[in-house]
Amino acid sequence: MNKKVILSTVLPLCLLISFAQVKVQHLLTENSTNPIGLGVQQPRFTWQLMSDKRNTKQTAYEIKVSGNKGTMWKTGKVGSDQSVQVVYAGTSLQSDNKYTWTIRVWDNDGKASAWSETAFFETGFLNTSDWKAKWIEAGFTEDSINRPAILFRHQFNASKKIKSANLYITAHGMYEVQLNGKRVGDAYLTPGWTSYNKRLQYQVFDVTRTLISGNNAIGATVGNGWYRGYLAWSDNKNIYGKKLGLLAQINIVYSDGSTEIIVTDEKWKSANSAIKSVEIYNGERYDARDEKSGWSSAGYNDAAWKGVNLLSTDFDNLTATENEPVKKHETFKPIKLITTPSGEKVLDFGQNLVGWVVVKAKGNAGDKIVIKHAEVLDKAGNFYTENLRAAKATATYILKGGAEEIFEPHFTFFGFRYIKLENYPGEINPDNFTAVTLYSDMKPTGTFTTSNALINQLQHNIQWGQRGNFLDVPTDCPQRDERLGWTGDAQAFSRTATFNFGVDNFFSKWLKDVAADQEPNGSVPFVVPNVLGHNAGGSAGWADVATIIPWNMYLAYGDKKVLETQYPSMKAWVKYMTNASKNDLWNTGFHFGDWLFYRPNDDNDGRAAVTDKYLIAQCFYAHSVQLLINTAKVLNNSADEAMYTDLLQKIKAAFLKEYVTPSGRLVSGTQTAYVLALNFDMLPEGLRAQAATRLADNVKSYDNHLTTGFLGTPYLCEVLTRFGFTDVAYTLLLQQDYPSWLYPVKMGATTIWERWDGQKPDSTFQTPGMNSFNHYAYGAIGDWMYRKMVGLDTYEDGVGYKHIKIQPHIGGGFTNASASLQTYYGTVVAGWKVEANGISLDAEIPANTTATIYIPASNATLITEGGKAISGVADIKITGTEDGDVVLQVGSGKYHFVVNK
């Protein structure tokens, strides 16, 4: 046979075999790529299968973990389809060590993949005894009024060739660290915000390439931050301590195997910095004339510096960082230079964002640039800061003179779209200003788009509200004198948050602070970390964060560990409600209620949508107990499951007796009352349909507007769809005047507003004492858009999108809607399009998962997939019909369905 013929036959076959073979990639350890500084003895491993072949599943895996002393764990072939969060079970890990791992899998055809590329992880300090450093504080008397940021430095000699070096560091305050004149890492506002007295995170940086053999110098700048800065109100400062401090340790391994440790101790020096004052709310004042050039480099003369004081304290509150740090992200150039009617010079960056502005300027020594920040301009077009309350939100830079200088803040942040410039030297050139966003380094995971431009802008606003407020903790707003981790806002938005960004590590870290700050009686604070003091907690819908977010994280990510970790906190919160109840009725204590519900200005006929606060409390009491039942079942705790099931029946019986008439009417006739009662199954099945009709009628009675506040809004459209009123849900979604989701969009919003009418139709503002224009809670409508409108969801029998649900609800005059979501199994895609000859639906299902797809068709004969009748497609199983949909079971792969008219 001709060799060319043989090659032409064999090569395509080889390529086909190569392409069809399952590939393993995207290896994660503790939900992160190649993390360093892990504080767990048993990390969890996750990987993805890639295959061009439909219905690909994993049937077995083999993992190899290696350390510097050889193999740590070799599983052998394990028959399992688990590919998410497989727990390490090898030889005990050691502190400050690097480990590598690789994996191969077998698919459902019995074929083994190649070994994956090698991933690694590094442990942090697994024991407090690993800390050899000492806490240091400034050795001089601070300016107690302005409280400048403090510099710490130390020079040392690394005498041999360096193999590896890790820096372990944290602070009382916020820090930035430099080594040999170079900034270490790209994290900002470190060490982040936790309940410091109980949980202070340290960071680990690989500084192998920054250290040199010979003389080195390390320097750190420490500012007030959350540790001792002003937080909340009434001159509330020094919450965690009065003095700034630093703790740092460099573990060096030399090429010959010897080691050396460099620590903070009495040998360090301290001095004031050029940062003359810095507060989160008020901003930063920087005097470049006082810069100490070369201060973090070897050879710098620090003879005039003071020594340091040692702080005697243990390390019991220190914990490794498990969430993503705050980093810089998008940048914006000004879209307009404005001279306002009052003569102010204002730059518009076109987007309400959180971060700061990098400024270039050239002038004389002593020239002072003042930058003030605002979210909006007032009706006349002037700079508006009244809604910032006491926050000054100002950056001040004093030039040293000479060459062009570049300034940016260090230990503060601003929520703004506009900046006002005062005293800028020379002509204002917009090119000299760049707005930089700051937020936790969450991986973007979800996309959503439709045929409606306003809804697409709403999605933009939802995502930007999350960016700006997920800044190490889930804050309520980022601009005024607040910026606190309000629990009610976080629980309301949490499921929406899991779609847009990867927030599993973000929330698991914050939930540990929820538990840490929980009162001994089980009460959960209004804000976490709790800076409002004792007795500031226990409000229904706020404190239920203790049960709601852990469950939502389990659903979205399949993370059983978060339930195990938070279970004591969840139980304690329910016990608090039980103890506060009489005859199973919780009608005591302070509650925020349905915060910021609809209230017309001149309410003469009782149109304000006031919902009984104790009715709300009883609903959330039941919901938290239901989540405990669910969690007990997942954790195989049958005794608790039975106990809470019995309690739930009593709670619902008490609700019926107290708040429901025999005909099924609620004592509060508001949308929120019916939404909560229906969403949490407070009514017997026989009374639910009439209650849903009352809800729909209520919406119509307000001329097709919502009236819900923070607690009712997240579930409003969900309940309407569940009970057959999807048309009403679409009407609410598309409503364009106040109150509605699209009203702020029509008013030019680029983020979600705190109030439905933060800016009124006449362009005047709501009450300035509480009127944020970046406040994500009402963005919870995103959850309905993703999980109901497009229909992309997960089943509870396969959480984390192991078993995917795609059930679109087409309507509202939309001609298309689609979404994609990066899960731990891979990317899930769902979308629909209304066309002249029918409806098309597209789906992409990752390997090692399955999906149940609902096709809106009266019968299967109307449906084709890939141009073929679905009855003839071997890897599609028709399981029946349900409420006008044909139900299909499919495996992984890409699918294109068409429903012909």
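See the structure shown above.
These numbers come from a predicted model, not from an experiment. (Residues numbered from 1 in each chain as written. Predicted model: local features only at pLDDT ≥ 70, side-chain atom pairs only at ≥ 80, totals over all residues. Heavy atoms only, no water.)

**What about the overall build of the protein chain?**
In step 1: A tally of helices and strands in the protein chain yields 15 helices and 47 strands.
In step 2: Projected onto the principal axes, the alpha-carbon positions of the protein chain cover approximately 90 × 85 × 60 Å.
In step 3: The 901 residues of the protein chain split such that 60% are buried.
In step 4: Considering only residue pairs separated by 6 or more positions, the protein chain has 74% of its internal contacts joining residues 24 or more positions apart. (Helix = DSSP H or I, 4+ residues; strand = E, 2+ residues; numbered from the N terminus. Buried < 20%, exposed > 50% of the residue type's maximum accessible area, 1.4 Å probe, protein only. Contact = heavy atoms within 4.5 Å.)

**Some details on the sheet that holds strand 14 (residues 182-183)**
Think of a sheet as strands paired side by side through backbone hydrogen bonds, with each pair either parallel or antiparallel.
In step 1: The five strands are arranged 14-13-16-11-19 in an open sheet whose pairing can be described as antiparallel. Two strands close off the open sheet at either side, each with one partner strand: strand 14 and strand 19 (269-272).
In step 2: Here strand 11 (residues 150-158) runs beside strand 16 (residues 214-223); their pairing, made up of nine bridges, is antiparallel. By the bridge assignment for strand 16, Leu151 is matched with Thr221. (Pairing = 2+ DSSP bridges.)

**Some thoughts on the sheet that holds strand 39 (residues 816-823)**
In step 1: Spatially, 34-39-40-41-47-43-44 is the arrangement adopted by the seven strands of the open sheet, whose pairing is antiparallel. Strand pairing shows two members of the sheet lacking a second neighbour, strand 34 (446-450) and strand 44 (868-869), which therefore form its edges.

**Here we look at the environment of Ala391**
In step 1: Along the chain, Ala391 falls in the loop between strand 29 (383-384) and strand 30 (394-398).
In step 2: The buried category is assigned to Ala391, whose relative accessible area is 7%.
In step 3: Along the primary structure Ala391 and Asn282 are separated by 109 residues, whereas in three dimensions their C-alpha atoms are 5.2 Å apart.
In step 4: If sequence neighbours within four positions are ignored, Ala391 has contacts with Tyr281, Asn282, Gln479, Arg480, Asp481 and Arg483.

**Description of the packing of helix 5 (residues 504-517) against helix 7 (residues 560-579)**
In step 1: Running from N to C, helix 5 and helix 7 cross one another at 20 degrees; their axes reach a closest spacing of 9 Å. The angle between helix 5 and helix 7 places the two elements in the roughly parallel class. Helix-helix and strand crossings are classified by hand; for helix 5 and helix 7 the assignment is left-handed. Of the residues in helix 7, those in contact with Ser508, Leu511, Lys512 and Ala515 of helix 5 are Val562, Thr565, Gln566 and Ser569. (Axes fitted to C-alpha atoms, helices over the stretch in contact; angles between N-to-C directions. Parallel < 35°, antiparallel > 145°, perpendicular 65-115°, else oblique. Left-handed = near helix turned anticlockwise from the far one by under 90°.)

**Brief notes about helix 11 (residues 685-701)**
In step 1: Between its first and last C-alpha, helix 11 extends 25 Å over 17 residues, near the 24 Å set by a 1.5 Å rise per residue.
In step 2: Of all the residues in helix 11, the buried ones are Leu687, Arg688, Ala691, Ala692, Leu695, Ala696, Asn698 and Val699.
In step 3: Contacts made by the buried residues of helix 11 are with helix 10 (671-679), helix 12 (716-722) and helix 13 (726-734).
In step 4: Of the residues one or two after helix 11, Asp703 is the one with positive phi, at around 55 degrees. (Expected span 1.5 Å × (residues − 1).)

**Describing the packing of aromatic side chains**
In step 1: Applying the stated criterion across every chain yields a total of 64 aromatic pairs.
In step 2: Of the aromatic side chains, those joined through ring pairs into one cluster are Tyr384, Tyr598, Tyr702, Tyr738, Tyr743, Trp753, Phe765 and Phe773.
In step 3: A cation over an aromatic ring shows up here: Arg599 above the ring of Phe597, its NZ or CZ 5.4 Å from the ring centre.
In step 4: Looking at Arg607, its charged tip hangs above the ring of Tyr702, at a distance of 3.8 Å from the centre. (Phe/Tyr/Trp six-rings, centres within 6.5 Å; stacked < 30°, edge-to-face > 60°. Lys NZ or Arg CZ within 6 Å of the ring centre and 35° of its normal.)

**Structural notes on the environment of Lys336**
In step 1: Note that Lys336 resides in strand 25 (residues 336-339).
In step 2: Given a relative accessible area of 47%, Lys336 falls into the partly exposed group.
In step 3: Between the C-alpha atom of Lys336 and that of Tyr418, which follows or precedes it by 82 residues, the distance is 9.8 Å.
In step 4: For Lys336, the residues in contact, after removing those within four places along its chain, are Val346, Leu347 and Asp348.

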